[in-house]
Amino acid sequence: MMNNVDTDKHFKLRKLKNKVFKYFLYFLSGLSIIPLILIILHIIKNGISAVNIKFFTSMPKPVGESGGGILNAIVGTLMLVTIASVMAIPVGISTGIYLNEHRKNRLSYYIQLSAEVLQSIPSIVIGIVAWIWIVLPMGHFSALSGGIALGIMMLPTIIKSTEETLKLIPHSLKEASLALGVPYYKTILKVLLPASLSGIVTGILIGIARIAGETAPLLFTAFGNPFLNFSITKPVASLPLLIFNYATSPYDDWHKIAWGASLVLITFIFTLNIFTRLFTKKYKVKF
Amino acid sequence: MQELITSDNGSIADMQTENIKKRSNSFDAVASSHKNNMGAEKTFNAVLLIMGIVVILILAGILVSLFVESIPAIKYNGFGFLINNVWDPVTDRYGAVPFLLGTLLTSFLALVISIPFSLAVSIVLAEYLKEGWIPAILKSATDLLAGVPSVIYGFWGLFLITPIVRKIELSLNLPPYGVSILAASIILAIMIIPYSASIAREVIPLVPVDIKEASYSLGATKYETIKTIILKYSMSGILAGIVLSLGRAIGETMAVTMLIGNSNILPKNFLSLIFNPGNTMASVIANEFTEATGNIYLSSLVEIGLLLFIVSFILNVIGKRIIRKFVIE
């Protein structure tokens, strides 16, 4: 009798532990998304009042004058992303194709390794390198150097996604094309690449989302610029840099602009993320 | 086929000669296009090869230029760079210990804070809630958390985390800095949760179903199965996730720079080590690089960059090794 009660108690205790553990896990997971909610709410609360049409079309104003916009930063971010894409996309896609076509090659092992190491380099170190390569010989900060820094950061993402997507395409598709007498390079350009286009585009979008918010590599390359600039050899502003400079300033007007800029930047990045997800879902590469 | 139809009204002999002509023409065309193709193919392959080599050259270039630029500092500072705890550009004394310690402390604290959360998220997603809208939200939320730019984390932290840290400091009778190693660690912890959770999320489902079922059939509860089977089996994979997150935390710059307070002075006792402002390797570069005057000063900062590169490289290699081994097992 005694024994029975004991096991009963023991059983109940184990069940209780089980339940407590479960709800504890739920609690912790719930807690871990609270920062996201807080960040979004905070940005919307403080940023929404700053954002209007004028915010996008006018230049920042000096301290003390309220209002002013972030046109220079938006133009700068677009320039930097364009420079980075122009450099990273061709190299990334070609390298991805090379890796897929020569899987057991010694060289492709080293290329893969390099891409992996590039991915792990802290962004600030890439900033130093772009400074050494471009800013030092040119003698001044420039949009070009910032674009190159961002391009290096974007490269591994594109290589990886291109390679991974190409891997999913069945061998029979390639063989069918080759059997029809289509030359090898045309098989790749006209059969394999179109078939894996959605995956590659996704990779590019993820790469852009990754670099659009980067600040550290721009600190001593693009540097920031209070004026509107379209020249790639001159310093240029960017949204994250502007947020950094204004957020660490002591002026309330500037904080407000920084919140507005944060809202714009985070909307851009989240839209890109959500778009990417919908895009992959709709045009998933599958055979 | 179309050719046959169009030359319908000619005689059969005409048709034949015409066809032969056409065919030989098309043979010529095939031959010449074949030649063209060979040429195009060669250039195509060459382009692929060159682009691949460019990737290797970029990495090699990064390594070489970091090293070359830090040679003056390596010569000037010698080995003392790693032991000296005074960083004073005015008197040209460069010791990296305050930054090494700051980096170590922030990353370690961030890991300790984030591990329970990232583990909970990955266990819930892998074992408890597999379908439905709650896991979908949880997944998207952690993905979005990973997408928030570092500078926005820093900005938000300045207005939300530093006041909280300041209150804690006041209640402990410490100087209320607010910006401190602790504040930087908290923001860093929030930033690496999605990263380590995503690795654990990939590793936990790799636990074989039969040993899980064996545990259940012995009467174990879910909690016991998770504790004794799942966590034990996937321990090395989770560890790899932690190592990789550490690699990420060490290189994180902007949010840390904004919240750490940027002080190069090493406090004496442990409590003020956490609650005082500090500096990490990444944040000192971000802060002082554009203002650095003098060759040795700049070169010393590049040397810190080189060090940062090496440390994150090693952590990355270790993490990836463990994961590869785990997946193969």
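Caption draft 1: The overall build of chain A, seen in detail. Regarding its fold elements, chain A presents 12 helices and 0 strands. N-terminal to C-terminal, the α/β element order of chain A is α-α-α-α-α-α-α-α-α-α-α-α. Radius of gyration (C-alpha) of chain A: 25 Å, far over the 19 Å computed for a compact globule of 287 residues. Here the C-alpha coordinates of chain A stretch approximately 90 × 65 × 35 Å along the principal axes. The buried share among the 287 residues of chain A stands at 45%. Contacts in chain A between residues far apart in sequence, at least 24 positions, make up 74% of those at least 6 positions apart.

Caption draft 2: Molecular detail of the domain arrangement of chain A. All names here are of chain A. Splitting chain A by domain gives domain 1 (2-47) and domain 2 (53-282). In this structure, domain 1 and domain 2 have C-alpha centres spaced 39 Å apart. In terms of residue class, the side of domain 1 that touches domain 2 is made up of 2 nonpolar, 2 polar and no charged.

Caption draft 3: Region of interest: the nonpolar core. Among the nonpolar cores identified, the biggest contains 167 residues, and Ile243 and Ala261 of chain A together with Ile152, Ile187, Leu188, Leu259 and Ile285 of chain B are the most heavily contacted of them. Of the residues forming this core, the biggest block, 17 residues, is contributed by helix H6 (residues 181-203) of chain B. Discounting chain neighbours no more than four positions away, the residues touching Ile152 of chain B are Ile39, Ile243, Ser262, Leu265 and Ile266 of chain A.

Caption draft 4: Focus on unusual backbone geometry. Residues and elements named next belong to chain B. Its identity as a non-glycine residue notwithstanding, Asn173 has a phi of 60°, on the positive side. One can find Asn173 in the loop between helix H5 (150-171) and H6. Classification of Asn173 as exposed rests on a count of 7 C-beta atoms within 10 Å. Positive phi, close to 55°, is recorded for Asn262, a residue that is not glycine. For Asn262, the position within the fold is in the loop between helix H10 (254-260) and helix H11 (270-275).

Caption draft 5: Structural detail: helix H2 (residues 34-47) of chain A. For H2 of chain A, built from 14 residues, the straight-helix expectation of 20 Å at 1.5 Å per residue is met to within 8% by its first-to-last C-alpha distance of 19 Å. Contact partners of the buried residues in H2 of chain A: helix H12 (252-282) of chain A together with helix H4 (133-147), H5 and H6 of chain B.

Caption draft 6: The arrangement of the interface of chain A and chain B in detail. Residue-level contacts link 64 residues of chain A with 63 residues of chain B. Top element by residues in the side of chain A that touches chain B is helix H1 (residues 2-32) of chain A. It accounts for 12 residues. By residue class, the composition of the side of chain A that touches chain B is 46 nonpolar, 14 polar and 4 charged.

Caption draft 7: Highlighting the domain arrangement of chain B. Residues and elements named next belong to chain B. In terms of domain boundaries, chain B breaks down into domain 1 (2-76) and domain 2 (83-328). Computed from C-alpha coordinates alone, the two centres of domain 1 and domain 2 are separated by 47 Å. The interface of domain 1 with domain 2 comprises 8 residues on the first partner and 10 residues on the second. Class assignment for the residues of the side of domain 1 that touches domain 2 results in 6 nonpolar, 1 polar and 1 charged.

Calculation criteria
- Residues numbered from 1 in each chain as written.
- Chains lettered and ligands numbered in written order.
- Predicted model: local features only at pLDDT ≥ 70, side-chain atom pairs only at ≥ 80, totals over all residues.
- Helix = DSSP H or I, 4+ residues; strand = E, 2+ residues; numbered from the N terminus.
- Rg over C-alpha atoms; globule rule 2.2 N^0.38 Å.
- Buried ≥ 20, exposed ≤ 12 C-beta atoms within 10 Å, placed from the backbone.
- Contact = placed C-beta atoms within 7 Å.
- Domains from an automatic or database assignment.
- Nonpolar A, V, L, I, M, F, W, Y, C, P; charged D, E, K, R; others polar.
- Core = buried A, V, L, I, M, F, W, Y, C linked by C-beta atoms within 7 Å.
- Expected span 1.5 Å × (residues − 1).

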